[in-house]
Structures are given as C-alpha cells and as structure tokens.
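Structure at a glance
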Amino acid sequence: MNAEATASLAGVKDADRKHVFHSWSAQELIDPLAVAGAAGSYFWDYEGERYLDFSSALVYTNIGYQHPKVAAAIAEQAGKLCTVAPGFAVDVRSEAARLIAERTPGDLDKIFFTNAGAEAVENAVRMARLHTGRPKVLSAYRSYHGATSTAINLTGDARRFGNDTATAGVVHFWGPFLYRSPFHATTEAEECARALTHLEDTIVFEGPQSIAAIILETVGGAPGVLVPPAGYLAGVRELCDRFGIVFVLDEIMVGFGRTGTWFAADNWEVTPDLICFAKGVTSGYVPLGGVAISAAIAGTFARRPYPGGLTYSGHVLACAAAVATINVMEEEGVVAQSARTGADLLGPGLRALAERHPSVGEVRGLGTFWALELVRNRETREPLVPYNAAGADNAPMAEFAAACKKGGLWPLVAGNRLHVAPACNITPADVAKGLEILDGALTTADAHVV
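Per chain, residues are indexed from 1 in the order of the written sequence. Local features are withheld for residues below a pLDDT of 70 in this predicted model, meaning they are given only at 70 or higher, and side-chain atom pairs are given and counted only at 80 or more; totals for whole chains, interfaces and linings count all residues. Note that water and hydrogens are dropped before the side-chain values are worked out from all heavy atoms of the structure.

Each strand in a sheet pairs with another by means of backbone hydrogen bonds, the pair being arranged parallel or else antiparallel. Taken in spatial order, the seven strands make up an open sheet running S4-S10-S9-S8-S7-S5-S6, and their pairing is mixed. The sheet is open, and its two edges are formed by strand S4 (110-114) and strand S6 (170-173), each paired on a single side. For this sheet, the mean angle separating the axes of adjacent strands, direction not counted, is 20 degrees. It only takes one pair of heavy atoms within 4.5 Å for two residues to be counted as in contact. Here an axis means a line fitted to C-alpha atoms, over the contact stretch when the element is a helix, while the angle between two N-to-C directions is reported on a 0 to 180 degree scale. Secondary structure elements are taken from DSSP: a helix is a run of H or I of four residues or more, a strand is a run of E of two residues or more, and numbering for both begins at the N terminus. Sheet strands touched by helix H8 (residues 232-243): S6, strand S7 (211-217) and strand S8 (246-250). Its angle to S8, the strand with the most contacts, is close to 150 degrees. Here, any two strands with at least 2 DSSP bridges between them count as paired.

Encoded structure:
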C-alpha cells in the first residue's frame, strides 16, 4: 500500500472512530473495514483486498455496485432538478410510481413513497388502522420489520428486546418453519395446516374486531430465509378476508428480483392489501422505500386526508435511481437471471456443500436468496451457536465468517446461519468462486460438530 493510500486509510478510520455512531453495535468493540470502492459484485479496501460480496451490502445491491446507467441517471437528474417538495407533481416521481405499480400484483396501483423500509412499515400499519378503525396488528416471531418505533415492536427477533414498549398494539404468533417447527409437524403440508390453525386461534382469542392488520415478510429475511410452504400465504389471505383484516406483505428485502420474481408474492400468486418495499427498488444507490396500496385502502383517503407525510417523500434523486434501476432490470433480464441462478447454480451448489459438510443442517431459498442453517449435530439440530449469542458463545460463527473473509468472500451471517444473497445479476463464474470459498470456510464450522 502506497503512502497516499496509507494516509487515506488512517484518516477514514480515525474519523470513523471519533465521530460515527454505528447501529446495532457496542461502539468500542467494533473495527469497521474501510471500503475504498466497489463495482459489480465486488468491493475493496484501501490495501487492495477485493471481496466478493455475498451479502449485497444489506441485501439491496440487486444489480450490483456502480451500474453505469443508474449512476448516470442520478447525475443527470441532479443536473436538472436536485430536489422539490413532495406536494408537487414531478415527472420522475410519477414515472417511478408508474413503473412500480405496473409490477405489483393485483390492484396495488397507488404508491406512497418513504425514505426507507421501516418508514414504509410504519405507514402501512397507520393506513391499516385508519382504514379499519381497529388498533391491533399481528406479526410473526422470527421476523424483522425495521428499527423505528412500531416496526421494532412488530419485529419478532432479539433486536426487539431492548426497544419493546409493549404498548404498540402488537401481538406475535408463530409462523411456519418446518426445520424448527413449533407445531411438531413432520411435513410441509402439516406445518402449513397447523400454522394456519394457530393463526386463526390467535385471531379468535384476540378478538377479530380489534385486529387491523396481519403483517408478514413474504419470505422471512433476517430470520433465516424462511420460505413459506405452499398454501400458507393463500391461507392467510383467506383469514384476512374472512375477518376483515388488512393483509400486509413486507417485501423490503425480497422485492425487485431477489426471489426470481418482481415481488416475492408472485411466487405464490397472492395479492395482499399493502406491500412495503425499499432496498432493491434503487439497488440502494439512493435511499427509497414505499407502500403500494390497494384500491380499497386508497379509497379511504379519497376525501379524507391521510395524516402522514415525509419531507423527502419521493425525493427526485431517489426516484431517478428507481426508474433507472427498474429499467436496467427489465432491459438486462435481471429478474429471470435471479431465478435461473437460484435454480441452476446456487441451489444445487449449496446442497452439494451440505453433502460434504456435517455442519450444514439445512439449505433453503430461491432466486438469489438462500440460507445455510449451521448446526453442531444434524440429528438433534442443535444450532452451531445459541440464540442471540455474543462474545465467546458466538466464536464458531465468528471463526467461520473470518475464514470466508480471508478467502475473499464477504458473508452475511446472522445467528447460526449463513445468508447467501449476492447481486441478482451475479455471473456464473462468481457464483462458482463464492461456493469454492464457502467450501473451504465450512471446515471451520465442521470442527465444532459433535
């Protein structure tokens, strides 16, 4: 590393340590990697080390880093109009809304723009409550919906613990997850039926007349790429229709090609009343989120003001990024590529790793969204590390992550799982390279198998 690079690295690290407050972290116990640049499926540090990114940042660089067409569109918009208040009609905002609405299922044709996913969830819940006049919202354990006040209360994992006020009107229930079934099911069909019975019982005992909405991640992201069994989402749709409950799908992580369809709901041909989106809509180049709204809920606010808004709702630079990203995905066939990559490369490749490594308890996923469940014992399914592990308890996963990075792969690890979420347009050669690095790194996890 030359003197200029050394000085740049030192300056970045020093300023970060002194002034940046990092999320979800004990500030003195972290040492963030200083990133110097990125392109395609790779990023690199100031020392020239390149990493194949199997995390898509935080599962949002769906078209990879620095796509020239999107970067150019942002620059062109900045040269024409950098910002304007959200109350005006603007060409690029209207076009972004049109392109998104064309790809949502059913009649979800109105788009309320937010800055990110958590705000989308907050507003979807507000819309549901105002539409129904009811206070409660049901959400699943093993879920993540964001870090703002209502969204974190809706969340069903350990990140909720330090933030849960128990006053947000949230009731949690168990969703389907056959590998660790809370219903003692032995088949996908049993798991689906028992999960739906449990949800119906929860609705009945909470009082249907008090429930505004049920919110689900279409495919559970942060909890471990939990793909719902056939019939489950349709069953939830039926329950919502029967009891007059708004059905909200959180597609913040899985929308815009991640599962091999524009929206993950398309895999099961289910139409919710509201869809929350963010992340992949701009490939993360400029923050943007939103809620796609059904005709019935939009009609509630036809002559009644919606009591919510954001200063930067539909920011023109973000909308320009969205328009360019969607057009790139269409022109380059990225959604179909994601589906092929999952079916032909990632799925078979990850299952082959499971055959060679006893630490892999289960492989699950679709498109460019997969997870390996790492275990100490395949028979007992004991997780490689305990739930919400930290420090010494998390050492086996930390060793595994370090081995990935040493090999040039940046992993996304959560609990006892590896999440595999590369760019939706990753090349076959880079998939093969990533799987090869994982093959070597998994030997560190195998060492903890009993």
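For the rest of this paragraph, the subject is the confidence of the model for the protein. pLDDT measures how confident the predictor is about each residue, on a scale from 0 to 100. Residues with a pLDDT of 70 or more make up 99% of the protein, whose mean pLDDT is 97. The lowest-confidence element of the protein is helix H1 (residues 3-19), averaging 86 in pLDDT; the highest-confidence one is S8, averaging 99.

Looking at the secondary structure, you find Arg-258 in the loop between S8 and strand S9 (274-277). Note on exposure labels: buried denotes an accessible area under 20% of the residue type's maximum, exposed denotes more than 50%, and partly exposed covers the range between, all computed with a 1.4 Å probe on protein chains only. In this charge count, Lys and Arg are treated as positive and Asp and Glu as negative; neither His nor the chain ends contribute. Put simply, a salt bridge is a Lys or Arg side-chain nitrogen that is within 4 Å of an Asp or Glu carboxyl oxygen. Here Arg-258 occupies a buried position and makes no salt bridge, while the nearest side chain of opposite charge, Asp-53, is found at 8.8 Å. Looking at Arg-258, its side chain comes within polar contact range of the side chain of Ser-56, at 3.2 Å. Here the side chain of Arg-258 touches Thr-368 through a polar contact of 2.8 Å, landing on its backbone oxygen. Among all residues touching Arg-258, those that are not within four sequence positions of it are Ser-56, Val-59, Asn-62, Met-253, Ser-338, Leu-366, Gly-367, Thr-368, Phe-369, Ala-421, Pro-422 and Cys-424. Side-chain atoms alone can form a polar contact between residues adjacent in sequence; in general such a contact is a pair of N or O atoms within 3.5 Å, and within protein one must be able to donate a hydrogen while the other accepts it.

What follows is about the packing of aromatic side chains. Within 6.5 Å between ring centres, the rings of Phe, Tyr and Trp (the latter by its six-membered ring) count as paired, and their orientation is classed by plane angle as stacked under 30 degrees, edge-to-face over 60, tilted in between. The final tally for this structure, using the stated rule, is eleven aromatic pairs. Centroid distance Trp-24 to Tyr-144: 6.4 Å. Interplanar angle 70 degrees. Geometry classified as edge-to-face. Pair noted here: Trp-24 is in the loop between H1 and strand S1 (35-39) and Tyr-144 is in the loop between strand S5 (136-140) and helix H6 (149-154), with a separation of 120 residues, a long-range link. Overall, the relative accessible area of 18% leaves Tyr-144 in the buried class. Ring geometry for Phe-43 and Tyr-65: centres 6.4 Å apart, planes at 75 degrees, overall edge-to-face. Here Phe-43, found in strand S2 (residues 42-45), pairs with Tyr-65, found in the loop between helix H2 (56-59) and helix H3 (68-80); they are 22 residues apart in sequence, far enough to count as distant. The burial state of Phe-43 is the same as that of Tyr-65; both residues are buried. Taken together through their ring pairs, the aromatic side chains of Phe-43, Tyr-51, Tyr-65 and Trp-410 make up a single cluster. Put simply, a charge is over a ring when the Lys NZ or the Arg CZ is close to the ring centre, within 6 Å, and near the line of the ring normal, within 35 degrees. Of note, Arg-159 hangs over the ring of Tyr-144, and the distance from its end group to the ring centre comes to 3.9 Å. When the ring centre of Trp-410 is taken as origin, the NZ or CZ atom of Lys-405, which lies over that ring, is 4.3 Å away.

The next thing to look at is the pairing of S4. With four of five residues buried, S4 is to be regarded as a mostly interior element. Where S4 lies against strand S10 (residues 289-293), five bridges are found, and the strand directions are antiparallel. Bridge pairing links Lys-110 to Ile-293 in S10.

Our focus in this paragraph is the sheet that holds strand S14 (residues 409-410). Spatial strand order, S1-S2-S3-S14: four strands in an open sheet with mixed pairing. Strands with a single pairing partner mark the edges of an open sheet, and in this sheet they are S1 and S14. The pairing of strand S3 (residues 50-53) with S14 spans two bridges and is parallel. Its bridge partner being in S14, Leu-52 is matched across the sheet by Leu-409.

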